[in-house]
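# Summary of structural features
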Amino acid sequence: MNQRSLVVISAGLSRPSSTRLLADQLAAASEKAARDRGLDLRVTVIELRDLAHDIANNLLTGFPPAALKEATDAVAAADALIAVTPIFTASYSGLFKSFIDVLEKDTLAGKPVLIAATAGTARHSLALEHALRPLFAYLHAVVLPTAVFAATDDFGADSADGTLRSRITRAAGELAAELERRDPVTVLDPFALTTSFEDLLKTI
Ligand SMILES: Cc1cc2nc3c(=O)[nH]c(=O)nc-3n(C[C@H](O)[C@H](O)[C@H](O)COP(=O)(O)O)c2cc1C
């Protein structure tokens, strides 16, 4: 089977987190949609809550602690990203934005990104369109057409077959289609020996 990698970023702060719940539903739907297209999706979930101190340290010092470096490397090596934030004060959360801020330049360029958000009220659903979509467009990511928003009420008993479920399925289908038509990301090792010892000796 054709392998692809998916990194899911969840910026929820609560425990349990509705943001993580949405992230998991999106990941599961994406795995299924990818499988239907003959792709084997390896999923890595990154909980930004666990990296909050590292992110602050990176902003202050300019250097990522090991766990944060592992997370940013995973994002760079991913074939696609699902980015889920809680809506705080009508926009993405500060922690979510700070993680995006510590990514190396061009990390997201050309990468398919499914954007999603949770919030207390449906009134702020357009934050996906006026805050998240422009942010990722600025970073030259390929933002999928369907953004997924879930207010607290959407997680009720009826939600499994309702609008939220259908948006999750549609967004996951778009993600899988994007993965299918692209070659897997290859990450170059900056320390890899690309010239043979023989050729190196010739230059001395
Ligand atoms: C500081 C703060 C600001 C918030 N601002 C908004 C807001 O502007 N609009 C909204 O609908 N919900 C707002 N909420 C509610 C959260 O978006 C909502 O509870 C979210 O689903 C929490 O995600 P979590 O369970 O993953 O932590 C806010 C919550 C907090 C803590």
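Residues numbered from 1 in each chain as written. Predicted model: local features only at pLDDT ≥ 70, side-chain atom pairs only at ≥ 80, totals over all residues. Heavy atoms only, no water.

Burial analysis of strand β5 (residues 112-119) places eight of its eight residues in the buried class, which makes it a mostly covered element. Burial of the side chains of β5 extends over both faces: P112, L114, A116 and T118 are buried on one face and V113, I115, A117 and A119 on the other. Relative to β5, strand β3 (residues 80-88) is paired through six bridges, and the arrangement is parallel. Looking at β5, one finds that T85 is bridged to A117. Pairing of β5 with strand β6 (residues 142-143), which is carried by two bridges, proceeds in the parallel orientation. Note on β6: the bridge partner recorded for V113 is V143. (Buried < 20%, exposed > 50% of the residue type's maximum accessible area, 1.4 Å probe, protein only. Helix = DSSP H or I, 4+ residues; strand = E, 2+ residues; numbered from the N terminus. Pairing = 2+ DSSP bridges.)

Moving on, we come to unusual backbone geometry. Cis peptide bonds are those with omega within 30 degrees of zero, and the linkage from R15 to P16 qualifies with 0°. For P16, the location among the structural elements is in the loop between β1 (2-10) and α1 (18-36). The phi dihedral of T89 falls on the positive side, at around 50°, and the residue is not glycine. Its location among the elements puts T89 in the loop between β3 and β4 (91-92).

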